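Residue-level structure breakdown
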2 protein chains.
Amino acid sequence: MARVIVDVMLKPEILDAQGQAIARALPRLGFSGVSSVRQGKRFEVEIEGPADEAALDEVRKMAETLLANTVIEDFTVTVADE
Amino acid sequence: MARVIVDVMLKPEILDAQGQAIARALPRLGFSGVSSVRQGKRFEVEIEGPADEAALDEVRKMAETLLANTVIEDFTVTVADE
């Protein structure tokens, strides 16, 4: 059993309206010093075997097929440290 | 300028219907060997100063106030390695 993390974020050139809304709300809530916020998705994928290169390739294919829209989103796959 | 990452996940005892839907879709798409998927949110917060302990405390307060619903969600705050 291993846990693999897939982080999916909008590509930098795509407008992130949710992130902008958060960044604009912060001063109203008394928080200063934040220049930008971007919001994305995080997936924790528990795999049955070890997190070897073959398993990570499978997870990358899952991310491309199902978890991310690669037209507008980038993703990264990392192994969670236990 | 530093980038601080806030990861927000449903607490383990809360049913994650989105994650379950993904886990159930995977075999239909030809992926095997995944025992569970949990979906959460990832925020990339750009702060103006350095990511020192005071700045991280501010981000933790932001997470509690605005980014996470601490009744049902847990969050972690980490500094992105550049």
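The following paragraphs examine the structure supplied in this document. Residue positions are counted from 1 within each chain, in the order its sequence is given. Lettering of chains starts at A and numbering of ligands starts at 1, both following the order in which they are written. At least 70 in pLDDT is required for a residue's local features to be given in this predicted model, at least 80 for side-chain atom pairs to be given and counted, and no such filter applies to totals for whole chains, interfaces and linings, which use all residues. For the side-chain quantities, the full set of heavy atoms in the structure was used; hydrogens and water were omitted.

**Some points on the overall build of chain A**
Comment: elements are numbered from the N terminus, with helices defined as DSSP H or I runs of at least four residues and strands as E runs of at least two. In terms of regular secondary structure, chain A is built from 2 helices and 3 strands. Scanning chain A from its N terminus toward the C terminus, one meets helices and strands in the order β-α-β-α-β. Here the globule rule is a power law, 2.2 Å times the number of residues to the power 0.38, and the radius of gyration is based on C-alpha atoms. Here the C-alpha atoms of chain A give a radius of gyration of 16 Å, more than 25% beyond the 12 Å that 2.2 N^0.38 yields for 82 residues. Considered along the principal axes of its C-alpha atoms, chain A spans approximately 45 × 30 × 15 Å. A burial count over chain A gives 41% of its 82 residues as buried. Across chain A, the fraction of contacts at a sequence separation of at least 24, relative to all contacts at a separation of at least 6, is 75%. When the accessible surface of chain A is summed, it comes to about 4500 Å², and 52% of that surface belongs to carbon and sulfur atoms. Think of it in three bands: residues with accessible area under 20% of the maximum for their type are buried, residues over 50% are exposed, and the middle band is partly exposed, with areas taken using a 1.4 Å probe on protein chains only. Contact criterion: two residues are considered in contact whenever any of their non-hydrogen atoms come within 4.5 Å of each other. Surface accessibility follows the Shrake-Rupley procedure with a 1.4 Å probe radius. Residue values consider only the protein chains on display as shielding.

**So, the sheet that holds strand β3 (residues 73-79) of chain B**
In this scheme, strands are said to pair when DSSP sees at least two bridges between them. The strand order across the open sheet formed by 6 strands is β3(A)-β1(A)-β2(A)-β2(B)-β1(B)-β3(B), and the pairing between neighbours is antiparallel. Every other strand in the sheet has two partners, leaving β3 (73-79) of chain A together with β3 of chain B as the edge strands with one partner each. On average, each strand axis in the sheet is tilted by 25 degrees relative to the strand beside it, whichever way the strands run. In the sheet, strand β1 (residues 2-10) of chain A pairs with strand β2 (residues 34-47) of chain A via 7 bridges, with the strands oriented antiparallel. In the strand pairing of β2(A), A:R3 is matched with A:E46. All axes are obtained by fitting lines to C-alpha atoms, using only the stretch in contact for helices, and the reported angles, taken between N-to-C directions, cover 0 to 180 degrees. Those strands touched by helix α2 (residues 53-67) of chain A are β1, β2 and β3 of chain A together with β2 (34-47) of chain B, and its axis lies near 155 degrees from that of β3(A). The sheet contacts of helix α1 (residues 17-28) of chain B involve β2 of chain A together with β2 of chain B, and relative to β2(B) the element is tilted by about 130 degrees.

**Here's the deal with the pattern of salt bridges**
Salt bridges are defined as contacts in which a side-chain nitrogen from Lys or Arg sits within 4 Å of a carboxyl oxygen from Asp or Glu. For the coordinates displayed, the defined rule picks out 18 salt bridges over all chains. The partner of B:E44 in a salt bridge is B:R42, and the shortest N-O contact between them spans 3.2 Å. Exposure remark for B:R42: the relative accessible area of 13% places this residue in the buried category. Note that B:E58 is salt-bridged to B:K61, the shortest N-O span being 3.6 Å. With B:E58 and B:K61 both in helix α2 (residues 53-67) and 3 residues apart, this pair spans about one turn of that helix. For B:E58, a relative accessible area of 27% translates into the label partly exposed. Shared partners join several salt bridges into a network, and the residues in it are A:R3, A:R42, A:E44, A:E46 and B:D7.

**Looking at the interface of chain B and chain A**
The interface of chain B with chain A comprises 30 residues on the first partner and 30 residues on the second. The tally of links from chain B across to chain A stands at 2 salt bridges. Note that A:D7 and B:R42 form a salt bridge whose closest N and O atoms lie 3.0 Å from each other. Under the rule applied, a polar contact is a pair of N or O atoms within 3.5 Å (in protein, one hydrogen donor and one hydrogen acceptor; residues adjacent in sequence only if both atoms are side-chain atoms). Counting the contacts that link chain B with chain A gives 12 residue pairs in polar contact (both at pLDDT 80 or more). Elements represented by at least two residues in the side of chain B that touches chain A include exactly β1 (2-10), α1, β2 and α2 of chain B. The element best represented in the side of chain B that touches chain A is β2(B), accounting for 14 residues. Looking at chain direction, β2(A) and β2(B) are connected through 13 bridges and run antiparallel. Residue pairing across strands places A:I47 opposite B:V34, the latter belonging to β2(B).

**Digging into the relation of the copies chain B and chain A**
Least-squares superposition of the copies uses the C-alpha atoms of those residues scoring a pLDDT of at least 70 in each of them. Expressed as a screw operation, the relation of chain B to chain A combines 0.0 Å of axial shift with a rotation of 180 degrees, fitting to an RMSD of 0.0 Å. When the rotation and shift are considered jointly, the pair of chain copies conforms to a two-fold rotation axis. Of the C-alpha atoms belonging to chain B, the one lying closest to the rotation axis is found on B:K41, 2.2 Å away. A symmetric contact is evident, with 100% of the interface residues of chain B recurring at the interface of chain A.

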